[in-house]
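# Remarks on the overall topology
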Amino acid sequence: MVEQRRAELARIADGDGPGSGPARTALGGAPLQERLRASILALAAHRGRRSSTCPSDAARAVGGGDWRDLMTDARDLARELARSGAVEITQRGKVLDPDEDWRGPIRIRVRTDG
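Quick summary incoming for the structure in this document. (Residues numbered from 1 in each chain as written. Predicted model: local features only at pLDDT ≥ 70, side-chain atom pairs only at ≥ 80, totals over all residues. Heavy atoms only, no water.)

## Notes on the environment of glycine 19
Along the chain, glycine 19 falls in the loop between α1 (2-14) and α2 (20-27). Distance in space between the C-alpha atoms of glycine 19 and alanine 38 is 8.6 Å, their sequence separation being 19 residues. (Helix = DSSP H or I, 4+ residues; strand = E, 2+ residues; numbered from the N terminus.)

Next comes the structure, spelled out in structure tokens:
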């Protein structure tokens, strides 16, 4: 799964579609937190409004075998991105408030208006 997520980021980075810029950042030499943030943005943008990504997808893409160590950071970055309006965090199809307490599996998607 780690290789699949990294390959997905590479495919996104090789194009010029949604998420290509952040994907290049995620695969580059930036600090790990910046690459993790960029990975979340790239995967969410590439998958579009009708799909979503999991924080673990972004962690796997940049963290390799140590991806589990990045899960708290990935969830925290998802909250920050949701607060900024860049993404929405969902659980069982319902949009979550990034400032509320929630537990369990979440998904991240580009923000939908309306």
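## Some points on the nonpolar core
Residues Leu9, Leu36 and Ile89 are the most contacted members of the largest nonpolar core, which totals 31 residues. Looking at this core, the elements that each hand over two or more residues are α1, α2, α3 (32-47), α4 (55-63), α5 (71-84), β1 (87-91) and β3 (107-110). Among residues more than four places away in sequence, those in contact with isoleucine 89 are Ala78, Arg79, Ala82, Lys94, Val95, Leu96, Trp102, Ile106 and Arg107. (Core = buried A, V, L, I, M, F, W, Y, C linked by side-chain atoms within 4.5 Å. Buried < 20%, exposed > 50% of the residue type's maximum accessible area, 1.4 Å probe, protein only. Contact = heavy atoms within 4.5 Å.)

## Overview of the pattern of salt bridges
All told, the structure shown has seven salt bridges when counted by the stated rule. Between arginine 47 and aspartate 57 there is a salt bridge whose closest N-O contact spans 3.1 Å. In this pair, arginine 47 sits in helix α3 while aspartate 57 sits in helix α4, placing the two residues 10 residues apart along the sequence. Arginine 47 gets classed as partly exposed once you look at its relative accessible area, which sits at 21%. The residue glutamate 88 makes a salt bridge to arginine 109 at a minimum N-O spacing of 2.8 Å. Here arginine 109 lies in strand β3 and glutamate 88 lies in strand β1, a separation of 21 residues in the sequence. (Salt bridge = Lys/Arg side-chain N within 4 Å of Asp/Glu carboxyl O.)

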